[in-house]
Structure formats: C-alpha cells, structure tokens
Amino acid sequence: MTDPIPPIGDDDLQAWVDRRLPQDRHATVEAYLAAHPDVASRLAAYVAQNTGLSDALRAKFEEPIPAGLRIDTLLARRRNRMAGHLARAASLLLVAGLGAAMGWAGHGWTDNGSQLRVATASAVAAYETFTVEVRHPVEVRADEGAHLVQWISNRLERPITPPDLSPLGWRLMGGRVLPTAHAPAAQLMYDDDHGTRLTVYLQPMGIDGEEFRYTQQGDIRTVVWAERRLALVVTGKMPRDAIMAVATRVRDAVAAGATP
Amino acid sequence: MSRIATLLEPQIPALRRYAFALTRDPTAADDLVQDTLERAISRWVLRAGDAELRAWLFAILHNMFIDGQRAQRRRPLHDTLDDEANQAGIPAAQETALIGREMLEQFGALSQEHQAVLLLVGVEGLPYASVARVLGVPLGTVMSRLSRAREQFRRLLDGERPAVRPDLRRVK
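In this text, all values refer to a predicted model and were calculated from it rather than measured experimentally.

Visitor: Which residues make up the overall build of chain A, and what are the values?
Guide: Counting its regular elements, chain A contains 7 helices and 7 strands. Going from N to C terminus, chain A has its helices and strands arranged as α-α-α-α-α-β-α-β-β-β-β-β-β-α. Buried residues in chain A amount to 30% of all 260 residues. When contacts within chain A are restricted to residue pairs at least 6 apart in sequence, those whose partners lie at least 24 apart make up 54%.

Visitor: Can you break down the overall build of chain B residue by residue, with the values?
Guide: Secondary structure summary: chain B contains 9 helices and 0 strands in total. Along chain B, helices (α) and strands (β) appear in the sequence α-α-α-α-α-α-α-α-α when read from the amino end. Sequence separation of at least 24 residues holds for 61% of the intrachain contacts in chain B that already meet a minimum separation of 6.

Visitor: Just give me the short version of the confidence of the model for chain A, but keep the residues and values in it.
Guide: Averaged over every residue, the pLDDT of chain A is 85; residues scoring 70 or more account for 88%. Mean pLDDT values for the elements of chain A range from 72 in helix H4 (residues 71–101) of chain A up to 95 in helix H1 (residues 10–17) of chain A.

Visitor: Give me the lowdown on the interface of chain A and chain B, citing residues and values where you can.
Guide: Listed by partner, the interface residues are 31 residues for chain A and 43 residues for chain B. Among the secondary structure elements, those contributing two or more residues to the side of chain A that touches chain B are H1, helix H3 (37–62) and H4 of chain A. For the side of chain A that touches chain B, the element with the highest residue contribution is H3 of chain A, accounting for 18 residues. Classifying every residue of the side of chain A that touches chain B gives 14 nonpolar, 7 polar and 10 charged.

Visitor: So what's going on with the sheet that holds strand E3 (residues 185–191) of chain A? Which residues, and what values?
Guide: All names here are of chain A. An order of E1-E2-E3-E4-E7-E6-E5 is seen for the 7 strands of this open sheet, with the pairing classed as antiparallel. Sheet topology places strand E1 (140–141) and strand E5 (210–217) at the edges, where each strand pairs with a single neighbour. Judged from the 7 bridges that link them, strand E2 (residues 171–178) and E3 form a sheet pairing that is antiparallel. Across the sheet, residue Arg-176 finds its bridge partner in E3, namely Gln-187. Each of E1, E2, E3 and strand E4 (197–204) touches helix H6 (residues 145–156); the most contacted strand, E2, lies at about 35° to it. Here helix H7 (residues 240–255) sits on the sheet in contact with E4, E5, strand E6 (220–227) and strand E7 (230–236), set at roughly 20° to E6.

Visitor: Any chance you could break down helix H3 (residues 26–42) of chain B for me, citing the residues and the numbers?
Guide: All names here are of chain B. With 17 residues, H3 extends 24 Å from end C-alpha to end C-alpha; this agrees with the ideal 24 Å at 1.5 Å per step. Considered for burial, the residues of H3 that qualify are Ala-29, Asp-30, Leu-32, Val-33, Thr-36, Leu-37 and Ala-40. Buried residues of H3 fall within an arc of 155° about the axis and therefore sit on the same side. Set apart from the buried face of H3 by more than 90 degrees, the exposed residues are Thr-27 and Ser-42.

Visitor: Mind laying out helix H8 (residues 128–135) of chain B, listing which residues take part and the relevant values?
Guide: Each α-helix winds once per 3.6 residues, and so residues spaced three or four apart point in a common direction. Residues and elements named next belong to chain B. Among the 8 residues of H8, 6 are classified as buried, and the element is accordingly described as predominantly covered. Every buried residue belonging to H8 is among Tyr-128, Ser-130, Val-131, Ala-132, Val-134 and Leu-135, and all of these are buried. Just downstream of H8 lies Gly-136, where phi reads positive at about 65°.

Visitor: Hey, could you go over the packing of helix H7 (residues 112–123) of chain B against H8 of chain B for me, with residue numbers and the actual values?
Guide: Residues and elements named next belong to chain B. At a closest axis distance of 10 Å, the pairing of H7 and H8 adopts a crossing angle of 140°. The handedness of the crossing between H7 and H8 is right-handed. Contacts from Ala-116, Val-117, Leu-120 and Val-121 of H7 reach H8 at Val-131, Val-134 and Leu-135. Looking at the contact of H7 with H8, its residues break down into 7 nonpolar, no polar and no charged.

Visitor: Tell me about the pairing of E6 of chain A, residues and numbers included.
Guide: All names here are of chain A. In terms of burial, E6 is largely enclosed, as 6 of its 8 residues are buried. Connecting the antiparallel pair E5 and E6 is a turn made up of 2 residues, with Gly-218 showing a positive phi of about 60°. Here E6 runs beside E7; their pairing, made up of 7 bridges, is antiparallel. Counterpart to Ala-226 in the pairing with E7 is Ala-231. Where E6 hands over to E7, the hairpin turn is made up of 2 residues, of which Arg-228 adopts a positive phi near 55°.

Visitor: Can you break down the pairing of E3 of chain A residue by residue, with the values?
Guide: All names here are of chain A. Among the 7 residues of E3, 6 are classified as buried, and the element is accordingly described as predominantly covered. Pairing between E3 and E4: 6 bridges, direction antiparallel. Note that in E4 the partner of Asp-191 across the bridge is Arg-197. A loop of 5 residues connects E3 with E4, the two strands running antiparallel in sequence, and Gly-195 in this loop sits at a positive phi of about 85°.

Visitor: Talk me through the environment of Phe-65 of chain B; I want residue IDs and the actual numbers.
Guide: Residue and element names in this part refer to chain B. The topology assignment puts Phe-65 in helix H4 (residues 53–72). Its 22 C-beta neighbours within 10 Å are what place Phe-65 among the buried residues. Distance in space between the C-alpha atoms of Phe-65 and Thr-36 is 9.4 Å, their sequence separation being 29 residues. Sequence-distant contacts of Phe-65, defined by excluding residues within four places in its chain, comprise Leu-22 and Leu-32.

Visitor: I'd like to hear about the environment of Leu-157 of chain B, residue by residue, with values.
Guide: All names here are of chain B. Turning to its location among the elements, Leu-157 is positioned in helix H9 (residues 139–160). Judged by the 23 C-beta atoms lying within 10 Å of it, Leu-157 falls in the buried class. On a C-alpha basis, the gap between Leu-157 and Met-103 in space is 7.5 Å, while along the polypeptide they are 54 residues apart.

Visitor: Outline the packing of H3 of chain A against helix H2 (residues 12–23) of chain B, supporting the account with residue identities and numerical values.
Guide: It is at 8 Å that the axes of H3 of chain A and H2 of chain B come closest, and there the two elements cross at 130°. The orientation of H3 of chain A with respect to H2 of chain B, classified from their angle, is oblique. Like other packed secondary-structure pairs, H3 of chain A and H2 of chain B cross with a definite hand, here right-handed. Across from Leu-57, Lys-60 and Phe-61 of chain A in H3 of chain A, the residues of H2 of chain B making contact are Pro-13, Ala-14, Arg-16, Arg-17, Phe-20 and Ala-21 of chain B. Looking at the contact of H3 of chain A with H2 of chain B, its residues break down into 6 nonpolar, no polar and 3 charged.

Each value, and the rule that gives it
Residues numbered from 1 in each chain as written. Chains lettered and ligands numbered in written order. Predicted model: local features only at pLDDT ≥ 70, side-chain atom pairs only at ≥ 80, totals over all residues. Helix = DSSP H or I, 4+ residues; strand = E, 2+ residues; numbered from the N terminus. Buried ≥ 20, exposed ≤ 12 C-beta atoms within 10 Å, placed from the backbone. Contact = placed C-beta atoms within 7 Å. pLDDT = per-residue confidence, 0-100. Nonpolar A, V, L, I, M, F, W, Y, C, P; charged D, E, K, R; others polar. Pairing = 2+ DSSP bridges. Axes fitted to C-alpha atoms, helices over the stretch in contact; angles between N-to-C directions. Expected span 1.5 Å × (residues − 1). Arc of directions from axis to C-beta. Left-handed = near helix turned anticlockwise from the far one by under 90°. Parallel < 35°, antiparallel > 145°, perpendicular 65-115°, else oblique.

Spelled out as structure tokens, the structure:
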C-alpha cells in the first residue's frame, strides 16, 4: 500500500505557474491538468501574464542606470550631508554647553532670555578664541578706524561706532566680523596697560529693552543686555565692578547715539 | 568600488523595474529607487545578510512606496499613464510595444496589493517566503492574494482586450 497523495491545492497550481513546484508534486499536478483542460488553460494564461509583464518591463530593466543612482555618488552625497550635520551639532553643543555651564537654566528667562543666552555663549566662544591670539587678535586694527567702522557697520547693517573706553583705561585694539546662525555679528577688542583684554560683542537680534544680566563662569565674567535690536555682551577676566563699569559706559554710549 | 556598491549596484535594474511598474512614472520611480538606496546605505549594518539582500531592498522600496502613496492621497489625482511613462516601458518592436502598453494599462487597473504580488512573484521571481517578508504578510496570505490577483488580471485582459491577447481568451 502506498502513502496517500495529498489532494491538489491552489498553492500547487500557483507554484506550477512559477516553476516552484516541489519535484514530488510534479506528476500529480500534471495528471490533474491533463484531466482538467479548463484549469490548464487558466494556468497557461497565468504563465502568459508572467512573461507578458516581464516583456513589457524589459526595456526598463535593461536601461543604463542613471549616474545619480550610482552607489558611490550616493555615498559621497551622504558624507557631505553628515559633515554638515556634525558641524551643526557641534556648534549647538558648544552653545548649549556654554549656556548650561553658565548655570542659567534656573533663571526662568523668557524667549528674549534664551536669545541673550545664545548671544552670550557666542560672545564667550569668540572671546576665548581670539583674546589668546598674539599675532592676530583682531582682523582690522583700530588704527584703520574708518575702515573698521565701515566694515562692521556694513555687515551688521546699522551704524556701529566703537565706544570710547579710554576713561576706564581700555584702548580699542580693533575688531572683526563673526558668523552666527542668523546674521553676522561683530567683536570689538580692547586692552589695558597690563595686556588684559576684554571684548564687546554685538549681535543683531529681534529684541531690545533687556536690562543688564551678569554672569560668571570660572574667571570669565559677562554682562549682556539688548537695545535697538542689538544684543551686546561685554566679556572679560576682571572683577565684577570693573566689568559692570565697562558695560555701563558702553550702554551710555549707545544711549548717547554713538552706536553702540 | 566600495563593497557596499559591489553588492547594491547589481540590484538597481530590478529595483528600477519594480518602482516603475508600481508608479508608471519614470521620474517618480527613480526618486523612489534613490530614496530606497539611501535608506539601505544608512541602515546597512542592520541588514539580515547578503543572501537576503534582495528581499530586504524590495521591502524598503515597497514600504517607501506605500508611505508615499499615503502622502499622495491628499493631493489631486492625475493620470499616471501619461505618454512619457508609456514610452519608457515599451520594448522596441512595434507589435510587442503595443501588447506591452495594453498589458501595463490593464495591469494599472488592478489593486495595488495585486500589482505588487504579481510583480514580485512573476517578474522579479522572488521566492514566496521572500514576497511575504517584502509585503509584511504571512505566506498563506501571499498565496491567496497571488491566486486572486492572477484571476483578476486574467479577467481584465480577457474581457476587455480579447483582440490583443487571443491566447488569454477563456476556453470553456
């Protein structure tokens, strides 16, 4: 007695169309089709579907691959994107890190507050980058006064005159334009007889009427405020009284119309 | 050429064919293939293994197509069988071209689920188990869907274009 043969199933028929029928089912299915010509003709139509569709799409399959789909092209584009992401992430980390380091999280500042925080972080980063420079602390020196004023005024799109801090013992060294995520900012650098340096950082922003905010991180002190849609940050390594005096003088200069 | 390119590039013609058959729009199809390849590259370390590469890529493409369709439904419909789309799918020989055009037109009338299963099984020649993975359905569903799709397609070709495909006419 032989094993009973499983009955024909629809899956057998589909597999027959696709030539995926297991070897041991072949004879059974062929016998069934021989006995059922209507089913056989239906399956023949299914086979014709496969070949007909494949033929209709053959031209697409044989078409040369567009250069834009080359994997090396895609890899290169991806590398560029990643580099951009990393640079942005790094700058955000810098800003976030400085903001957090300065312990402002609990101050309950408004949106203006967060803008001022960003300006301060940028100012501190610029301060740390450029005040340690021996040969190139500034890009345009104070003795090219007219050029400095014109350059910074042009890039910040408003008249900028460096405030005179000489009554407090600070000489203008010069300045530079700096990139930010929004619009160019400017850094003015001053020094005293001991070689101590401070910076006045100016960043155009959509805010004004913000009072002095003082903060300290390590030996770096900052005072930030905003007026005339400009955030101003005084940064230096000096006692609180000294930096407040500088900030007050800068603010008075702005109020007197010499911007700042 | 990088190793990833050596493995991926041989798959591109079939991916383009599948994408074109689904969209019947050469530009949309290549956009879909590009998105698929970019995603494959970004998830390269997550792939199941080189043996399953083909099914993995088709699954990515298929899911992106479905996602795109969902987004598209909010936009006004337009005729996907424009002239350009037809040109690109037509073989050179005139008669074959005509049959191919008729075939694709009828094919376009099928539901998307039916189109996908017919393409993956009949044109791409994927094993049924791989098709199940690509479509994210059980094997039994693939088989019953395949059966219904074939019958549906046969009726479309039979009923409306008997002169073009006499060999598909129902024999009683």
